[in-house]
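# Secondary and tertiary structure notes
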Amino acid sequence: MKVKFHVTGMTCAACSARVEKVTNAVHGVEKAEVNLLAGTMQVEAAEDVSAAIIAAVTKAGYGASEKGMKKVLLNINENNVASIKVCEKAMKMIKIEIE
């Protein structure tokens, strides 16, 4: 299966090489190709390993999301209980598990 990702935070060839390296190290990934200029990555895998790929890229210091998925940015002020409650409610509405 082929899966496309948006990748953020890459500024040079070394960044894209690092993203490819950490992605290729994920169990189940057969091949990863990063396009630095487009900020995308295409991955061939035998199974759905999207969550593991996103975790690996994030751990390496970059951002990743599966292409076609909606991206949600929540700005939470930790000192404002009301904003936290609003965000928790929104996350539950779209079925995001809160840890």
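Here, every reference points to the structure presented above.
Residues numbered from 1 in each chain as written. Predicted model: local features only at pLDDT ≥ 70, side-chain atom pairs only at ≥ 80, totals over all residues. Heavy atoms only, no water.

### Quick word on the side chain of Ser50
Its place among the elements puts Ser50 in helix H2 (residues 50-59). Beyond its immediate stretch of four places on either side in the chain, Ser50 contacts Val3, Phe5 and Glu66. (Helix = DSSP H or I, 4+ residues; strand = E, 2+ residues; numbered from the N terminus. Contact = heavy atoms within 4.5 Å.)

### Thoughts on the nonpolar core
Of all hydrophobic cores here, the largest spans 21 residues; its most connected members are Val19, Met41, Ile53, Val57 and Tyr62. Those elements giving two or more residues to this core turn out to be strand E1 (2-8), helix H1 (13-24), strand E2 (29-35), strand E3 (40-45) and H2. (Core = buried A, V, L, I, M, F, W, Y, C linked by side-chain atoms within 4.5 Å. Buried < 20%, exposed > 50% of the residue type's maximum accessible area, 1.4 Å probe, protein only.)

### Examining the pattern of salt bridges
For the structure shown, the criterion picks out 1 salt bridge. Between Lys31 and Glu33 there is a salt bridge; the shortest N-O distance is 3.0 Å. (Salt bridge = Lys/Arg side-chain N within 4 Å of Asp/Glu carboxyl O.)

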